[in-house]
Amino acid sequence: MVTIGILALQGDFEAHVRAFLRCGAAAVEVRAVDELKSVDGLVIPGGESTTMLKLIQLENLMEPLREFGSRAPVFGTCAGAILLAREVLGGQQDSLGLMDITVERNAYGRQLQSCVAQLEDGLEAVFIRAPIIRRVGNAVRVRATYAGSPVWVEDGLHMAATFHPELTDDSRVHQAFLDKVAQCRH
Ligand code: GLN
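Keep in mind it's a predicted model, so treat the numbers as computed, not measured. (Residues numbered from 1 in each chain as written. Predicted model: local features only at pLDDT ≥ 70, side-chain atom pairs only at ≥ 80, totals over all residues. Heavy atoms only, no water.)

Draft legend 1. Spatial organisation of the side chain of Glu166. Inspection of the secondary structure assignment puts Glu166 in the loop between strand 12 (158–161) and helix 6 (172–185). Comment: no salt bridge for buried Glu166; closest opposite-charge side chain is Arg22, at 8.5 Å. A polar contact of 3.4 Å, which involves the side chain of Glu166, links it to the side chain of His16. (Helix = DSSP H or I, 4+ residues; strand = E, 2+ residues; numbered from the N terminus. Buried < 20%, exposed > 50% of the residue type's maximum accessible area, 1.4 Å probe, protein only. Lys, Arg positive; Asp, Glu negative; His and termini not counted. Salt bridge = Lys/Arg side-chain N within 4 Å of Asp/Glu carboxyl O. Polar contact = N/O pair within 3.5 Å; in protein donor to acceptor, adjacent residues only side chain to side chain.)

Draft legend 2. The arrangement of unusual backbone geometry in detail. Despite not being glycine, Asn60 shows a phi value in the positive range, around 55°. Looking at where Asn60 falls in the secondary structure, it is placed in the loop between helix 3 (49–58) and helix 4 (62–69). For Asn60, a relative accessible area of 59% translates into the label exposed. The backbone of Asp121 sits at a positive phi, close to 60°, despite the residue not being glycine. Position of Asp121 relative to the elements: it lies in the loop between strand 7 (114–118) and strand 8 (124–128).

Draft legend 3. Fine view of the sheet that holds strand 9 (residues 132–136). In spatial order, the strands read 5-6-9; together these 3 strands make up an open sheet with mixed pairing. Whereas interior strands pair on both sides, the edge strands pair on one side only; in this sheet they are strand 5 (85–89) and strand 9. Adjacent strand axes in the sheet meet at a mean angle of 25°, parallel and antiparallel pairs treated alike. Looking at chain direction, strand 6 (residues 99–104) and strand 9 are connected through 4 bridges and run antiparallel. Bridging from a neighbouring strand, Ile101 pairs with Val136 of strand 9. (Pairing = 2+ DSSP bridges. Axes fitted to C-alpha atoms, helices over the stretch in contact; angles between N-to-C directions.)

Draft legend 4. A look at the site of the ligand. Close to the ligand lie Gly46, Gly47, Glu48, Ser49, Cys78, Ala79, Ile82, Arg105, Asn106, Ile128, Arg129 and His164. A distance of 2.9 Å separates a nitrogen atom of the ligand from a polar atom in the side chain of His164. When the free accessible area of the ligand is taken as 300 Å², the share hidden by the protein chains comes to 97%. Counted by class, the shell around the ligand contains 4 nonpolar, 5 polar and 3 charged residues. (Near = heavy atom within 4 Å. Areas by Shrake-Rupley, 256 points an atom, 1.4 Å probe, with all protein chains shown as cover. Nonpolar A, V, L, I, M, F, W, Y, C, P; charged D, E, K, R; others polar.)

Draft legend 5. Focus on the sheet that holds strand 2 (residues 26–30). Judged by pairing direction, the sheet is mixed, and its 7 strands sit side by side in the order 2-1-3-4-12-11-10 without closing on themselves. Lying at the two open borders of the sheet, with one neighbouring strand each, are strand 2 and strand 10 (141–146). On average, each strand axis in the sheet is inclined to that of its neighbour by 20°, with strand direction left out of account. Examined bridge by bridge, strand 3 (residues 41–44) and strand 4 (residues 74–77) share 3 bridges and lie parallel to one another. Residue pairing across strands places Ile44 opposite Gly76, the latter belonging to strand 4.

Shown next, in the form of structure tokens:
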């Protein structure tokens with residue numbers, strides 16, 4: 001069985017833990033470098049990317065997270081997707097740069113703080129002050145779109161969603177990450 005680490009510095013990490021437990025996988029909270037050693041894949045949850053970034057820097061996790069991502073799958077949701085992106089628009093901000101995508105923070109505007117949308121295959125997507133993926137590299141696979149923009153993408157080892165699959169009962173997105181992690185271990 002694979003063990004998924006959930007970066008638990010800030011944001012809705014507990015909902016991800018519950019989502020993986022529902023899938024029958026092991027999930028543990030990660031707050032320090034040592035805890036990265038015992039997980040096969042990592043989730044960076046939704047929250048506030050600026051705050052999460054500060055905490056990552058404070059805990060000296062920037063390089064360890066990049067190193068982890070060079071050999072194991074990382075899945076970012078919403079703020080986590082912002083942290084994974086190579087380029088962030090809407091305010092100069094550092095990122096891990098593990099995925100060849102450009103995201104624009106809070107791109108749906110102030111009016112659309114949050115919404116629930118129906119995606120392809122009936123996938124329910126909860127958007128909360130979500131970013132928009134403005135560019136994807138050639139090697140990036142788009143797994144779902146909303147209003148003409150990619151909202152669930154994969155780039156090699158890594159996966160990002162601008163919505164919050166951990167807030168619905170549909171386990172397909174978490175299961176897709178588990179499949180990726182299992183494949184990567186073989
Ligand atoms: N608006 C947040 C940010 O820019 C992301 C929101 C979320 O993760 N739900 O970091």
